[in-house]
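# Descriptive analysis of the structure
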Amino acid sequence: MMNRLDVVAQKANRTKNQIIHILEQLTSDYQTTKSERQEIAANFPASNDEFSVLEELELLTVNIRGYASQIQFKGEIQNQQQAVDNLNHLAVFDIPAIAQFYFSRNGEYQSMKAYLEMLDYLRLLIIEYLSLSTMSSRV
């Protein structure tokens, strides 16, 4: 019979494998959004007080994929609680420029919208992984 620690460790391992898979998928998907990104750059410029949609996207991508890469290569993130706090503040659709872009253009930019959804899913998986690894270290 498996104990609670084994179950948590297995779930953490499955979550880690999902993170790696989605990280690879996002890398590939990002390449296929090049023409959409060029259109978005032209159609959604930065305002005086905000970053443009693409600038916000780049910041999110660097942060979220950075955490995912640490999990992929090290299996952990330094300062896990700080990472969870940061990831909770990086909710993709809480960023005004991205939310406005995502919800205002029905049927347009489907590849970029799918990328944003996958990026937010990756963020949630990383939070889950960190909570599982915290749980397994406490048991």
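Structure shown above.
A short tour of the structure in this document, coming up. Just so it is clear, the model here is predicted, and its values are computed rather than measured.

Calculation rules
Residues numbered from 1 in each chain as written. Predicted model: local features only at pLDDT ≥ 70, side-chain atom pairs only at ≥ 80, totals over all residues. Heavy atoms only, no water. Helix = DSSP H or I, 4+ residues; strand = E, 2+ residues; numbered from the N terminus. Expected span 1.5 Å × (residues − 1). Buried < 20%, exposed > 50% of the residue type's maximum accessible area, 1.4 Å probe, protein only. Arc of directions from axis to C-beta. Polar contact = N/O pair within 3.5 Å; in protein donor to acceptor, adjacent residues only side chain to side chain. Core = buried A, V, L, I, M, F, W, Y, C linked by side-chain atoms within 4.5 Å. Contact = heavy atoms within 4.5 Å. Phe/Tyr/Trp six-rings, centres within 6.5 Å; stacked < 30°, edge-to-face > 60°. Axes fitted to C-alpha atoms, helices over the stretch in contact; angles between N-to-C directions. Parallel < 35°, antiparallel > 145°, perpendicular 65-115°, else oblique. Left-handed = near helix turned anticlockwise from the far one by under 90°. Nonpolar A, V, L, I, M, F, W, Y, C, P; charged D, E, K, R; others polar.

### A look at helix α3 (residues 53–74)
If you check α3, its first and last C-alpha atoms are 31 Å apart, about what 22 residues at 1.5 Å a residue would give, namely 32 Å. Every buried residue of α3 is listed here: V53, L54, E56, L57, L60, T61, I64, R65, Y67, A68 and I71. Projection of α3 onto a plane perpendicular to its axis shows the buried side chains occupying an angular sector of 165 degrees, all on one side. The outward face of α3, more than 90 degrees from its buried face, is lined by the exposed residues V62, F73 and K74. Of the residues flanking the end of α3, it is G75, one or two places downstream, whose phi is positive at about 75 degrees.

### Overview of helix α1 (residues 4–32)
With 29 residues, α1 should cover 42 Å at 1.5 Å per step; its first-to-last C-alpha distance of 42 Å lies within 8% of that length. Every buried residue of α1 is accounted for by V8, A12, T15, I19, I20, I22, L23, L26, D29 and Y30. Measuring from the side-chain oxygen of the N-cap residue of α1 to the backbone nitrogen of D6 gives 2.8 Å; that N-cap residue is N3.

### What to know about the nonpolar core
Formed by 40 residues in total, the largest nonpolar core has its most connected members in F101, L122 and I126. When contributions to this core are tallied by element, the ones reaching two or more residues are α1, α3, α4 (80–89), α5 (96–104) and α6 (110–138). Not counting the four nearest positions on each side in its chain, I126 is found in contact with I19, I64, Y67, A68, I71, I77 and L87.

### With respect to the packing of aromatic side chains
For the structure on display, the rule yields 7 aromatic pairs. Geometrically, the ring pair formed by F44 and F101 is edge-to-face, given 5.1 Å between the ring centres and 90 degrees between the ring planes. In this pair, F44 sits in the loop between α2 (34–43) and α3 while F101 sits in helix α5, placing the two residues 57 residues apart along the sequence. Here the two residues F44 and F101 agree in accessibility, since each one is buried. A centroid spacing of 5.5 Å and a plane angle of 45 degrees characterise the contact between F101 and Y109, whose relative ring orientation is tilted. Assessed through its relative accessible area of 0%, F101 is described here as buried. A relative accessible area of 6% places Y109 in the buried class.

### Brief notes about the packing of α1 against α3
Taken N-terminus to C-terminus, the directions of α1 and α3 make an angle of 140 degrees; their axes are 10 Å apart at the nearest point. The angle between α1 and α3 falls in the class oblique. As α1 runs across α3, the sense of the crossing is left-handed. Contacts from K16, I19, I20, L23, E24, L26, T27 and Y30 in α1 reach L57, E58, R65, A68, S69, I71 and Q72 in α3. Classifying every residue of the contact of α1 with α3 by side-chain character gives 8 nonpolar, 3 polar and 4 charged.

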